[in-house]
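Geometric and topological summary
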Amino acid sequence: MLMNCKSIVGCLVLLVVFCEGKEGRNLKYKKGKTTTTTTTTTTSTATPPASTNATSAGTSTRAYTVVSSSTLTNQIIVGYQGWFTYPGDGAPIDKWKHWFADDSPYDPSPENLHIDLYPMMDEYDDTDLGESNVTMPDGSKAKFYSNAKPNVVKKHFEWMADYGISGAFHMRFMVDLDIEKNYDWKTGVLRNVRDAAEATGRVFAVSYNIAGTATNLFGGDVLDDIKNDWMNLVDNELITSSDRYLQHNGLPVLRIYGIGFKIVDVADTAKILDLINWFQKDAEPKYRVFLIGGVPSRWRERIGDSREEAEWQSVYESLDGIHPWHVGRWTTLSAWGTYYTNTIALDAKLCNDLGIVYMPTMWPGFSWHNLKHDKSPQPPINQIPRLGGEFMWSQAFKYAADANIKSIWMAQFDEVDEGTAIYKVAATQNDCPAEGEWLSLDADGVSLPSDWYLRLCGEAQKMLAGEIELSDSIPIEPNLLL
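Interaxial distance between helix H6 (residues 333-354) and helix H7 (residues 390-401) falls to 10 Å at its minimum, and their mutual angle equals 25 degrees. The orientation of H6 relative to H7 falls into the category roughly parallel. The chirality of how H6 crosses H7 is right-handed. Along its contact with H6, which presents Leu333, Trp336, Gly337, Tyr340 and Ile344, the element H7 presents Glu390, Phe391, Ser394, Gln395, Lys398 and Tyr399. A class-by-class count of the residues in the contact of H6 with H7 yields 6 nonpolar, 3 polar and 2 charged.

As structure tokens, then:
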């Protein structure tokens, strides 16, 4: 999902992957936005925020505030991969997936690690964890969860609720979806996502990913395959019948990632426009959606990562919502300020003028050292530093202060492969396995709790909704006793 990024020696390296695929003074003032939550509650079991180090044995009955599922306005929605498995977890693929390299799906050893961040495992049921061959500091073997386990996904949505995060777009990759065991695995995780959202008062939506596919996928056309899969999800999985499925302007929200990218082998603009028209007006009413395009960062100018043909402008402008992929497009706070002024602010204004919802990407930092273990030179650990949260918060501030931006994509909830995860991960090297190279949250010299980025995302949600004052400095302090 990162494209142009700089190596540790300062050389610009073009690295492309589709895995899906504080500055200034302290400014404080109010922005007139309304909240998107209701006072209705739903009862479920969860670990209270104050017990961030509690084990799954100590759950309690909780009442969750129910997030409005009727609008994208004033919502920060996280990207949720949900793609982790281990052998024996009940998933039909029955192998290690994403924790370790794809070419070694049955050898969970340090040299095959696929991730840079180690998730904290102390709040999951031990029966939902798989043991690896990687050694922890105490001599035990590192354990990893599987999204095939319903309680794992529920735990993630409990965290979203605990920290005030609205919900998630769940990634549905079209590549290999024609293989039955892959279809069953991915659809099973989607069911877990739906059930978890319903249990915790969060919202969820489907996000298709066409990267890594081609227009002749499955012997047909990936764009037609999306139609068929969506009809199946609506008719048989009843996915949009859930009151937690995210809607906007009275329609279910659907995102398709990969539209307009140079490196995505889906280039027929006429077919893409046909697909957009189908989702917007030609399909039976029950299949129609509010369609968000996951597009290149330079879509408006049709340069850089975007296809350049003039026809693509009409594709982009026919979408109901535009979500440019911004991960890796800047590497420092100063570069962020320039990028925002020259690109994002202008994108947001154009979308506002056209009546298109603009959803920029917010991301905490980046690291894919282990994922790219076979590259020379290998990218460094902590390639784009998080700066203790300043990197992410600087984005949150500018987005919330921009009147043309009313929704944000948070990249990502659980992306430990590329080091953008915001859920609970190892705070120090002592929390990481003793084998392998790891990025911990104290890498930039700031002591932080494992849930720090969940907290920041929750605060950003409040700021976007006008529930707290706009501030270009982080409004909370780490509490290492929690």
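This is not the end of the story, as more comes after the structure.
Right, let's get into the environment of cysteine 457. On the secondary structure map, cysteine 457 appears in helix H8 (residues 452-464). Between the alpha carbons of cysteine 457 and isoleucine 76 there is a distance of 8.0 Å; along the sequence they are 381 residues apart. Setting aside residues up to four positions removed in sequence, cysteine 457 forms contacts with Ile76, Val78, Ile165, Met392, Met410 and Ile422.

Moving on to the pattern of salt bridges. The tally for this structure, following the rule as stated, stands at 19 salt bridges. A salt bridge links lysine 155 to glutamate 158, with the shortest nitrogen-to-oxygen separation between them at 3.4 Å. Taken together, the residues lysine 155 and glutamate 158, both in helix H1 (residues 150-162) and 3 residues apart, mark about one turn of the helix. For lysine 155, a relative accessible area of 5% translates into the label buried. Note that arginine 329 and aspartate 305 form a salt bridge whose closest N and O atoms lie 2.8 Å from each other. Of this pair, arginine 329 sits in the loop between strand S14 (321-324) and H6 while aspartate 305 sits in the loop between strand S13 (290-295) and helix H5 (311-318), and the two are 24 residues apart along the sequence. The pair formed by arginine 329 and aspartate 305 is uniform in burial state, with each residue classed as buried. Among the charged side chains, a network of salt bridges with common partners joins Glu123, Lys155, Glu158 and Lys424.

To continue, consider H5. Three or four residues apart is the spacing at which side chains of an α-helix point the same way, because the helix has 3.6 residues per turn. Listed in full, the buried residues belonging to H5 are Trp312, Gln313, Val315 and Tyr316. Down the axis of H5, the buried side of the element spans an arc of 160 degrees, and every buried residue falls inside it. At its buried positions, H5 is contacted by helix H4 (269-282), S13 and S14.

A separate point is the pairing of S14. Because side chains alternate across S14, one face comprises the buried residues Gly321 and His323, and the other comprises Ile322 and Pro324, equally buried. As defined by bridge partners, S13 adjoins S14 across 4 bridges and the pair is classed as parallel. Paired with glycine 293 across the bridge in S14 is isoleucine 322. In terms of handedness, the path from S13 via H5 over to S14 forms a crossover that is right-handed.

Space inside the largest cavity adds up to approximately 60 Å³. Lining of the largest cavity is provided by Leu117, Asn382, Arg386, Gly388, Leu439, Ser440, Leu441, Ala443, Asp444 and Tyr453. Residues belonging to the lining of the largest cavity are distributed by class as follows: 5 nonpolar, 3 polar and 2 charged.

At their nearest, the axes of H7 and H8 sit 9 Å apart, and the two run at 10 degrees to each other. As summarised for this structure, H7 and H8 are arranged roughly parallel, according to the angle between their axes. Here H7 and H8 pass one another in a crossing that is right-handed. The residues of H8 that touch H7, namely those facing Met392, Trp393, Ala396, Phe397 and Ala400, are Tyr453, Leu456, Cys457, Glu459, Ala460, Met463 and Leu464. Split into classes, the residues belonging to the contact of H7 with H8 amount to 11 nonpolar, no polar and 1 charged.

Our focus in this paragraph is the confidence of the model for the chain. Residues shown with low pLDDT carry predicted positions that ought not to be read at fine detail. In this model, the chain carries a mean pLDDT of 88, and residues with pLDDT of at least 70 account for 85%. Between residues 1-60, whose pLDDT stays under 50, and residues either more than four places distant or in other chains, the model counts 203 contacts. Scored below 50 in pLDDT, residues 215-219 makes 14 contacts in the model with residues more than four places away or belonging to other chains.

Calculation notes
- Residues numbered from 1 in each chain as written.
- Predicted model: local features only at pLDDT ≥ 70, side-chain atom pairs only at ≥ 80, totals over all residues.
- Heavy atoms only, no water.
- Axes fitted to C-alpha atoms, helices over the stretch in contact; angles between N-to-C directions.
- Helix = DSSP H or I, 4+ residues; strand = E, 2+ residues; numbered from the N terminus.
- Parallel < 35°, antiparallel > 145°, perpendicular 65-115°, else oblique.
- Left-handed = near helix turned anticlockwise from the far one by under 90°.
- Contact = heavy atoms within 4.5 Å.
- Nonpolar A, V, L, I, M, F, W, Y, C, P; charged D, E, K, R; others polar.
- Salt bridge = Lys/Arg side-chain N within 4 Å of Asp/Glu carboxyl O.
- Buried < 20%, exposed > 50% of the residue type's maximum accessible area, 1.4 Å probe, protein only.
- Arc of directions from axis to C-beta.
- Pairing = 2+ DSSP bridges.
- Right-handed = clockwise from strand over helix to strand, strands pointing away.
- 1 Å grid on protein atoms, 1.4 Å probe; cavity = no way out; pocket = protein on both sides within 12 Å on 5 of 7 lines; lining within 4 Å.
- Points joined across faces, edges and corners; volume = space filled by probe spheres on them.
- pLDDT = per-residue confidence, 0-100.

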